[in-house]
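What follows is each chain in one-letter form.
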Amino acid sequence: MNIRRAEPKDLTKIQQCNLHNLPENYHMKFWAYSFITWPEVSYLAEDSSGRVVGYVLSSIEPDEEYPWLQVGHVNSLSVLRTYRRLGLAKRLMLLSKKAMIESYNIEYIQLHVRKSNRAAFSLYSEKLGFKIHRKEVGYYGDGEDAYSMRIVLKPRSFTHRLGRRVQAFVYARQRAVASWTLKCAKRVSQIK
């Protein structure tokens, strides 16, 4: 078994693994965009013949509450049935986590898991330390709910609070300027 960083040349093999295992699938453009934009955070496992038997596709995105901070996102994780219960999924996730931390200095990692997928939920919560952040009703295409899960890598700190204050200050200044501009426009129209 060989585990290595995924490369664009592996796209079709990874997509075959995805189509074989998962009910929801990404378009090839999404796969290609992810590999080009964040090449260091996705990994695959291949057997001795070079067939992809598992992968993790990850990306980096801005935090919902603090958009100046970066967070990791696990878009897809899959291991062929005959290779499950060997620790491959955990190893893939840990490699991706390490790469996200080292390359992007992320605050936390998030993912979505089907509410009915007990095996995946167990992996994420019991073996990898993810916690439920919220339930997202009807998240999947077939209407099934998802758990949005996170593992926090850095506790909220002074930097977050300071960033929040800076954001509030900028917003207040923008409102003040907009209000002043409106008043000036009214006065100009009264002069005419």
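Residues numbered from 1 in each chain as written. Predicted model: local features only at pLDDT ≥ 70, side-chain atom pairs only at ≥ 80, totals over all residues. Heavy atoms only, no water.

**Here we look at the overall build of the protein**
Working step 1: Helices and strands together make up the secondary structure of the protein, namely five helices and seven strands.
Working step 2: The helix and strand sequence of the protein, counted from the amino end, reads β-α-α-β-β-β-α-β-α-β-β-α.
Working step 3: Of all 192 residues assigned to the protein, the portion counted as buried reaches 42%.
Working step 4: When contacts within the protein are restricted to residue pairs at least 6 apart in sequence, long-range pairs at least 24 apart make up 63% of them.
Working step 5: For the protein, the accessible surface area stands at approximately 11,900 Å², while carbon and sulfur atoms represent 55% of it. (Helix = DSSP H or I, 4+ residues; strand = E, 2+ residues; numbered from the N terminus. Buried < 20%, exposed > 50% of the residue type's maximum accessible area, 1.4 Å probe, protein only. Contact = heavy atoms within 4.5 Å. Areas by Shrake-Rupley, 256 points an atom, 1.4 Å probe, with all protein chains shown as cover.)

**Overview of the nonpolar core**
Working step 1: Residues I14, L77, M93, L111, Y124 and F130 are the most contacted members of the largest nonpolar core, which totals 42 residues.
Working step 2: The greatest single-element share of this core, amounting to seven residues, is contributed by helix α3 (residues 88-104).
Working step 3: Residues contacting M93, with those up to four places away along its chain left out, are V56, V74, L77, L111, Y124, L128 and F130. (Core = buried A, V, L, I, M, F, W, Y, C linked by side-chain atoms within 4.5 Å.)

Take it as geometry only, folks, not as evidence of what the structure does.
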